[in-house]
Amino acid sequence: MEVDNEQNKTKIKNDLIAKDLNDLLKALIIFLLAGGLCGYIGYIYSKDNNLNVTHGIIFGILFPLGVSLLELINCNNFFCFILYTIVYLAVVDFIPTFVGIIILLLVIGMFIIDFIYIEKQDRTKEIEEHLNYNKGTSTNTFDNNKYFEEESIGKYNSTKVEGSLTDNSEKDYYKQEAEEFECEVCFKKISEEEYELYDGMCEDCFMDVHIDNDGNYHDEELF
Ligand SMILES: [Zn+2]
């Protein structure tokens, strides 16, 4: 049991790391693609206009970063994008190249630090949370997706409740009809004991159903 728990913890930790690495790699790929494309545009533009090519490339690469900043501050509509592009192009010529290089190095440094952080981060608390999700579902074998979807546990519980409801629904129906019990065949009022004892029938109806003319008992109702 203790070994199981440790294995679960290691597995959750690995899954969390994999998920974070996946997110970071996605961001890195987007940054490389968008930065590469814009850097190339900056290169072509500055070359054609006899401008500083290094300046063109650096600030081309940095352009998509501003776009992702717009996303961060939730200003990601088309108007904001156009406004940002105009301001960026107007301002960029006046920023020295070395400032662009410093910003670019900082971004690369942030990616590296993020990679290290994902590996070294203390995840004890996160793991505890995921383990707590799993308690109550009474599963010894660990389902990979269960702790990423809180919903699944809710569904699990609700199906359990539904199941127990349908099991008793027939009896509940007759109980609710009137607080007393009735025979399901002749609708005579009967006691709860009689109801439970004779499969929801009165004693007479039960005998009619299960005892044949010779007085022999049959378990099945049709004989
Ligand atoms: Zn009856």
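About the thresholds
Numbers given for residues are sequential positions, taken from 1 along each chain in its written order. Given that this is a predicted model, residues contribute local features only at a pLDDT of at least 70 and side-chain atom pairs are listed and counted only at 80 or more, while totals for whole chains, interfaces and linings are drawn from all residues. Side-chain numbers come from the whole structure's heavy atoms, not from hydrogens or water. Only rings of Phe, Tyr and Trp enter the pairing, Trp through its six-membered ring, and a pair is recorded when the two centres are within 6.5 Å. The plane angle decides the type: under 30 degrees is stacked, over 60 is edge-to-face, the rest tilted. Secondary structure is summarised from DSSP: a helix means a run of H or I of at least four residues, a strand means a run of E of at least two, and numbering begins at the N terminus for each. Exposed residues in this analysis have more than 50% of their type's maximum accessible area, buried residues have under 20%, and partly exposed residues fall in between, with area computed by a 1.4 Å probe over protein chains only. Axes, fitted as lines to C-alpha atoms, cover a helix only where it is in contact. Angles between the N-to-C directions of the axes lie from 0 to 180 degrees. Here roughly perpendicular refers to angles of 65 to 115 degrees, roughly parallel to angles under 35, roughly antiparallel to angles over 145, and oblique to all remaining angles. Helix crossings fall into two classes, left-handed where the near helix is turned counterclockwise from the far one by less than a right angle and right-handed where it is turned clockwise. Residue contacts are defined here by distance: any two heavy atoms, one from each residue, within 4.5 Å place the two residues in contact. When residue character is reported, Ala, Val, Leu, Ile, Met, Phe, Trp, Tyr, Cys and Pro are called nonpolar, Asp, Glu, Lys and Arg charged, and the others, Gly included, polar. What the arc covers is the set of directions going from the helix axis to the C-beta atoms. In what follows, salt bridge is the name for a side-chain nitrogen of Lys or Arg lying within 4 Å of a carboxyl oxygen of Asp or Glu. Only four residue types enter the charge count, namely Lys and Arg as positive and Asp and Glu as negative; His and the chain termini do not. In protein, a polar contact means a hydrogen-donor-capable atom and an acceptor-capable atom, both N or O and within 3.5 Å, with residues adjacent in sequence counting only if both atoms are side-chain atoms; elsewhere, any N or O pair within 3.5 Å suffices. Listed donor atoms are N, O and S within 2.8 Å of the metal (Na, K and Ca: 3.2 Å). As water is not included, a site may look incomplete. Any site counts as irregular unless it has four donors with all angles between 85 and 135 degrees, making it tetrahedral, or four or six donors with opposite ones more than 155 degrees apart and the rest between 65 and 115, making it square planar or octahedral. Each nonpolar core is a collection of buried residues, namely Ala, Val, Leu, Ile, Met, Phe, Trp, Tyr and Cys, held together in the definition by side-chain atoms within 4.5 Å.

The tally for this structure, following the rule as stated, stands at nine aromatic pairs. The interplanar angle of 45 degrees and the centroid separation of 4.9 Å between the aromatic rings of Phe181 and Tyr195 together place this pair among those described as tilted. Here Tyr195 lies in helix 7 (residues 192–197) and Phe181 lies in strand 1 (residues 181–182), a separation of 14 residues in the sequence. What makes Phe181 buried here is its relative accessible area of 7%. On the accessibility criterion, Tyr195 (3% relative accessible area) is buried. Counting every residue linked through ring pairs, the aromatic cluster contains Phe63, Phe81, Tyr84 and Tyr88.

A few words now on the packing of helix 2 (residues 53–72) against helix 4 (residues 97–120). For the pair helix 2 and helix 4, interaxial distance at closest approach is 9 Å and the crossing angle is 45 degrees. In terms of orientation, helix 2 lies oblique with respect to helix 4. In the crossing of helix 2 with helix 4, the sense of the turn from one axis to the other is left-handed. Side by side, helix 2 and helix 4 meet where Thr54, His55, Ile58, Phe59, Ile61, Leu62 and Leu65 of the first sit next to Thr97, Gly100, Ile101, Ile103, Leu104 and Val107 of the second. Class assignment of the residues belonging to the contact of helix 2 with helix 4 gives a composition of nine nonpolar, four polar and no charged.

An α-helix turns once per 3.6 residues; consequently, residues spaced three or four apart project the same way. Along helix 8 (residues 203–210), the residues classified as buried are Cys205, Phe206, Val209 and His210. All buried residues of helix 8 project into a common sector of 115 degrees when viewed along the axis, lining one side.

Applying the stated criterion to the full structure yields five salt bridges. Notably, a salt bridge pairs Arg123 with Asp20, separated by 3.1 Å at the nearest N-O pair. On the criterion of sequence distance, the pair formed by Arg123 in the loop between helix 4 and helix 5 (124–134) and Asp20 in helix 1 (residues 2–48) is long-range, its members being 103 residues apart. Judged by its relative accessible area of 1%, Arg123 falls in the buried class.

Take the side chain of Asp212 next. One can find Asp212 in the segment after helix 8. Buried charge without a partner: Asp212 forms no salt bridge, and the closest opposite charge is Lys188, 20 Å away. One polar contact links the side chain of Asp212 to the main-chain amide nitrogen of Asp214, over a distance of 3.0 Å. Among the polar contacts listed, one links the side chain of Asp212 to the backbone nitrogen of Asn216, at a separation of 2.9 Å.

This paragraph deals with the coordination of the zinc ion. At this site the zinc ion is bound by Cys183 (SG), Cys186 (SG), Cys202 (SG) and Cys205 (SG), with donor distances of 2.2 to 2.4 Å. Classification of the site at the zinc ion as tetrahedral follows from its four donor atoms and the range of 103 to 116 degrees in their angles at the metal. All donor residues of the zinc ion come from one chain, and their arrangement in sequence is C-x2-C-x15-C-x2-C. Remark: Cys205 occurs in helix 8 and Cys186 occurs in the loop between strand 1 and strand 2 (189–190); sequence separation between them is 19 residues.

If you look at the biggest cluster of nonpolar residues, it comprises 17 residues, and the most contacted ones within it are Phe31, Phe59, Leu62, Tyr88 and Leu104. Residue assignment for this core shows that the elements contributing at least two residues are helix 1, helix 2, helix 3 (78–92) and helix 4. When residues in this core are grouped by element, the largest group, six residues, is from helix 2. Those residues in contact with Phe59 that sit more than four places away from it in its chain are Tyr88, Val92, Ile95, Pro96, Thr97 and Gly100. In terms of nonpolar packing, the next biggest core, distinct from the first, is built from ten residues, Ile190, Tyr198, Cys205 and Val209 among them.

At their nearest, the axes of helix 2 and helix 3 sit 11 Å apart, and the two run at 150 degrees to each other. Here helix 2 is positioned roughly antiparallel relative to helix 3, judged by the angle of their axes. For the pair helix 2 and helix 3, the sense of crossing is right-handed. In this structure, helix 2 uses His55, Phe59, Leu62, Phe63, Gly66, Val67 and Leu70 to contact helix 3, whose residues at the interface are Cys80, Phe81, Tyr84, Thr85, Tyr88 and Val92. Per-class residue counts for the contact of helix 2 with helix 3 are ten nonpolar, three polar and no charged.

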